[in-house]
Amino acid sequence: MNKKQVNVEPKYFNASDIDNMEQRVRANFINSLSGFKSANLIGTRSPSGKDGTRGVDNLAIVSSVFHIGAHPPLLGMIMRPHTVPRDTLQNIKDTGEYTINHICASIVEKAHWASARFDPQVSEFEEIGLTPQTTDQVKAPYVLESRIKLGMQVQDIQLLAINQTELVIGQIVEVIVEPYWVSEDGYVDIEAAESVAISSLDSYHLTHRVARLGYAKINQKPFTIPHKKI
């Protein structure tokens, strides 16, 4: 902490203050407040053409992926309002499949570029210099350079009336990860894989583990789970 700020009084923002912020300032401010978020590239493919031509591979950067349940393995993802063309969301609706690819430190700049508004007929993979990878389990493309990848099948899509965003709920049907990042108890060491986090809309961070603690019980002090370095 900056020593000059130690005794500074906190600033209070009320609802009116927030509402009166300039649009981009408000977006950065509010997006910062939710803390660190996962950084992912979402891979989709548009439907094949009537003449049999293969669909276009698409990538989008998303920081709104979250856990819903482990059995069945479900993840949620909030997509922005469909008031303008959203290739990723439309592809998910049309095909029912997508991939979630952790952004690792080595591809941050390329991944961020995927947020640009490319033409629907242009593959972000080609434009930003990442490599599509396919498997027999899902037709949607993975990002070869990503170190942790999830194949997803849509289970539900809900329109949130409060702000017209859409909640996509998908089931994990495939996981691609190096075996030495998975411990015997199932813990996946995303820090060792150099998965990055996002704060606000455009700030990328590597993480530093503080501790991994055992299952909490009311009559037992939390204990540290030993970490094996890779």
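Residues numbered from 1 in each chain as written. Predicted model: local features only at pLDDT ≥ 70, side-chain atom pairs only at ≥ 80, totals over all residues. Heavy atoms only, no water.

Colleague: Would you mind showing me how to read the packing of aromatic side chains here?
Modeller: Centre distance and the angle of the planes are the two values used to describe a pair of aromatic rings. What the rule picks out here adds up to 3 aromatic pairs. Summarising the aromatic geometry, the rings of Phe13 and Phe29 are spaced 4.8 Å apart at their centres and angled 50° between planes, so their arrangement reads as tilted. With Phe13 in the segment before helix H1 (15–19) and Phe29 in helix H2 (residues 23–33), this pair connects stretches of sequence that are 16 residues apart. The cationic tip of Arg212 hangs over the ring face of Tyr187; the distance from NZ or CZ to the ring centre is 4.1 Å. (Phe/Tyr/Trp six-rings, centres within 6.5 Å; stacked < 30°, edge-to-face > 60°. Helix = DSSP H or I, 4+ residues; strand = E, 2+ residues; numbered from the N terminus. Lys NZ or Arg CZ within 6 Å of the ring centre and 35° of its normal.)

Colleague: Before we go on, may I ask you to explain the pattern of salt bridges in this structure?
Modeller: What the rule picks out here adds up to 7 salt bridges. Put simply, Arg45 and Asp57 hold a salt bridge, and the shortest N to O gap is 2.6 Å. Of the two residues, Arg45 is situated in strand S2 (residues 40–45) and Asp57 in strand S3 (residues 57–62); the sequence distance between them amounts to 12 residues. Through salt bridges with shared partners, a single network forms among Arg45, Arg54 and Asp57. (Salt bridge = Lys/Arg side-chain N within 4 Å of Asp/Glu carboxyl O.)

Colleague: What should I look at first to understand the environment of Ser63 in this one?
Modeller: For Ser63, the location among the structural elements is in the loop between S3 and strand S4 (65–70). Residue classification places Ser63 among the partly exposed residues on the basis of a relative accessible area of 25%. Sequence separation between Ser63 and Met152 is 89 residues, and the spatial gap between their C-alpha atoms is 16 Å. Residues in contact with Ser63, not counting those within four places in the same chain, are Lys37, Ser38 and Ile198. (Buried < 20%, exposed > 50% of the residue type's maximum accessible area, 1.4 Å probe, protein only. Contact = heavy atoms within 4.5 Å.)

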